[in-house]
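These are the residues of each chain, in order.
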Amino acid sequence: MHAPSLHTLLDALEHDAALRKADALRERLDALDRIELLQLGGAPGPGASALRIAALREDFEAMNAASFAHAREAIRRGAVPALLQQCLDEPCHADGDGYDWRDELVEGVLQLRPPSAAASPLPADMVAYQPTPARHIFDLLAQARLGAHDVLVDLGAGLGHVPLLAAICSRAASVGIEREPSYVACAQAGAAALRLSRARFLCMDARAADFAEGTLFYLYTPFRGAVLDTVLGALRREAERRALRIAAHGPCVGALATQPWLAADTPPRADRVTLFRPRG
Ligand SMILES: C[S@@+](CC[C@H](N)C(=O)[O-])C[C@H]1O[C@@H](n2cnc3c(N)ncnc32)[C@H](O)[C@@H]1O
């Protein structure tokens, strides 16, 4: 099937009433992506198309902003917004590295303000900030089924997406451990703006953290080598005393899969969140 011309696509989008429904956020984000793709592909369009695109973009962005504001209000009341609940309920393509519309959704809902200054240089074996793609966070939360007794600890929490979404989408408490002060400040501001008192952020090296309260530890490959060995050693000692789980994503899944004291719930894969439990 041929892709429509920019003109045909704009005609269709301008007349599609379904795109103007409050909950059609995904469809609007998709529509904006389709326009962008056609523009990138050099689709020929008369000069007037630029004005039509600007008007559509402005329209859709205003509707999206209203959807985000609605979701943020729900979170402040302690509810799970329907837009996020849908992501938890719908099985998604939870493998691979890419980002998708769910990241735009999470960005619009959390409204984090990343620091403008560069982070301080990282010591050896520590990995620079990159957020877990949102679809993998929803997959983590769906697999983990956190309850009110759970405490999710994100080791190397970056700007805090995982602990924030865990506190929004479950009854669990969450803790983000992050060495970069400006990331911690950003995550704390995000939690305060949404009144998420169950999400806390600590500025410290994960090697010095107290693991006593966590029931699920999450690692999106925050470190490797000797740093990872130290943290896994501490988790192992903790697991000898009580039940806990570890979830991992990215290359560190391989390192966890070789730990003789851990068993994976599903075949370990670097491109999918894998849950591990200590062997009994
Ligand atoms: C790949 S990012 C993961 C971010 C976040 N967990 C997420 O999934 O969106 C790794 C993060 O770990 C942090 N980090 C690296 N080494 C650390 C350490 N020893 N202690 C605490 N944080 C660390 C980095 O600053 C970075 O923000």
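Because the structure is a prediction, the values reported are computed rather than measured.

Draft legend 1. Representation of the overall build of the protein in the model. Along the protein, the regular secondary structure elements total 10 helices and 7 strands. Computed over C-alpha atoms, the radius of gyration of the protein comes to 21 Å, within 12% of the 19 Å expected from 2.2 N^0.38 for 280 residues, which places it in the range of a compact globule. Within the protein, contacts between residues separated by at least 24 positions form 72% of all contacts whose residues are at least 6 apart in sequence. Carbon and sulfur atoms provide 55% of the accessible area of the protein, an area that totals close to 13,800 Å². Here the protein contributes 30 positive and 34 negative side-chain charges, whose respective centroids are spaced 6 Å apart.

Draft legend 2. Layout of the packing of helix α5 (residues 101-110) against helix α6 (residues 134-144). Relative to each other, α5 and α6 sit at 85°, their axes nearing to 7 Å. Taken together, α5 and α6 sit at an angle that is classed as roughly perpendicular. Taken together, the residues of α6 that come into contact with α5 (itself represented by Arg102, Asp103 and Val106) are Ala134, Arg135 and Phe138. A breakdown of the residues in the contact of α5 with α6 according to their chemical character gives 3 nonpolar, no polar and 3 charged.

Draft legend 3. Structural detail: the site of the ligand. Taken together, 23 residues lie around the ligand, and Thr132, Asp154, Gly156, Glu178 and Ala206 are the ones closest in. Residue Asp154 places a side-chain N or O atom 3.0 Å away from a nitrogen atom belonging to the ligand. A distance of 3.1 Å separates a nitrogen atom of the ligand from a polar side-chain atom of Asp205. Burial of the ligand by the protein chains amounts to 98% of its free accessible area of 600 Å². Across the shell around the ligand, the residue classes break down as 14 nonpolar, 5 polar and 4 charged.

Draft legend 4. Region of the structure containing the pairing of strand β5 (residues 245-249). Counting buried positions along β5 gives 5 out of 5 residues, so the element sits mostly inside the fold. Across the two faces of β5 the burial is the same, with Arg245, Ala247 and His249 and Ile246 and Ala248 all buried. Relative to β5, strand β4 (residues 216-220) runs parallel, the two sharing 5 bridges. Following the sheet pairing, Tyr218 is matched in β5 by Ala247. Pairing of β5 with strand β7 (residues 274-278) involves 3 bridges; the strand directions are antiparallel. When the sheet's bridge partners are listed, Ile246 is paired in β7 with Phe276.

Draft legend 5. Structural context of the environment of Thr274. With respect to the secondary-structure elements, Thr274 resides in strand β7. Separated by 27 residues in the primary sequence, Thr274 and Ala247 have C-alpha atoms spaced 5.6 Å apart. Among the polar contacts listed, one links the side chain of Thr274 to the backbone nitrogen of Arg269, at a separation of 3.3 Å.

Draft legend 6. Structural context of the pattern of salt bridges. Applying the stated criterion to the full structure yields 15 salt bridges. Residues Arg52 and Glu14 are paired through a salt bridge, measuring 2.7 Å at the closest nitrogen-oxygen approach. Of the two residues, Arg52 sits in helix α3 (residues 48-76) while Glu14 sits in helix α1 (residues 6-15), which places them 38 residues apart along the sequence. Between Asp205 and Arg207 there is a salt bridge, with its nearest N and O atoms 2.7 Å apart.

Draft legend 7. Quick peek at unusual backbone geometry. One non-glycine residue, Gln111, adopts positive backbone phi at about 50°. In this fold, Gln111 is placed in the loop between α5 and α6. Of the residues examined, Gln111 reaches a relative accessible area of 42% and is grouped as partly exposed. The phi torsion at Arg195 lies on the positive side, around 55°, for a residue other than glycine. Counting through the fold element by element, Arg195 comes out in the loop between α8 (181-193) and β3 (199-203).

Draft legend 8. Seen up close, the packing of aromatic side chains. Summed over all chains, the structure comprises 2 aromatic pairs. Seen from their ring centres, Tyr129 and Tyr183 are 5.3 Å apart, and the 50° between their planes marks the pair as tilted. Of this pair, Tyr129 sits in the loop between α5 and α6 while Tyr183 sits in helix α8, and the two are 54 residues apart along the sequence. A residue is classified by how much of its surface remains accessible, and Tyr129, at 30% relative accessible area, is partly exposed. Given a relative accessible area of 14%, Tyr183 falls into the buried group.

Parameters at a glance
- Residues numbered from 1 in each chain as written.
- Predicted model: local features only at pLDDT ≥ 70, side-chain atom pairs only at ≥ 80, totals over all residues.
- Heavy atoms only, no water.
- Helix = DSSP H or I, 4+ residues; strand = E, 2+ residues; numbered from the N terminus.
- Rg over C-alpha atoms; globule rule 2.2 N^0.38 Å.
- Contact = heavy atoms within 4.5 Å.
- Areas by Shrake-Rupley, 256 points an atom, 1.4 Å probe, with all protein chains shown as cover.
- Lys, Arg positive; Asp, Glu negative; His and termini not counted.
- Charge placed at Lys NZ, Arg CZ, Asp CG, Glu CD.
- Axes fitted to C-alpha atoms, helices over the stretch in contact; angles between N-to-C directions.
- Parallel < 35°, antiparallel > 145°, perpendicular 65-115°, else oblique.
- Nonpolar A, V, L, I, M, F, W, Y, C, P; charged D, E, K, R; others polar.
- Near = heavy atom within 4 Å.
- Polar contact = N/O pair within 3.5 Å; in protein donor to acceptor, adjacent residues only side chain to side chain.
- Buried < 20%, exposed > 50% of the residue type's maximum accessible area, 1.4 Å probe, protein only.
- Pairing = 2+ DSSP bridges.
- Salt bridge = Lys/Arg side-chain N within 4 Å of Asp/Glu carboxyl O.
- Phe/Tyr/Trp six-rings, centres within 6.5 Å; stacked < 30°, edge-to-face > 60°.

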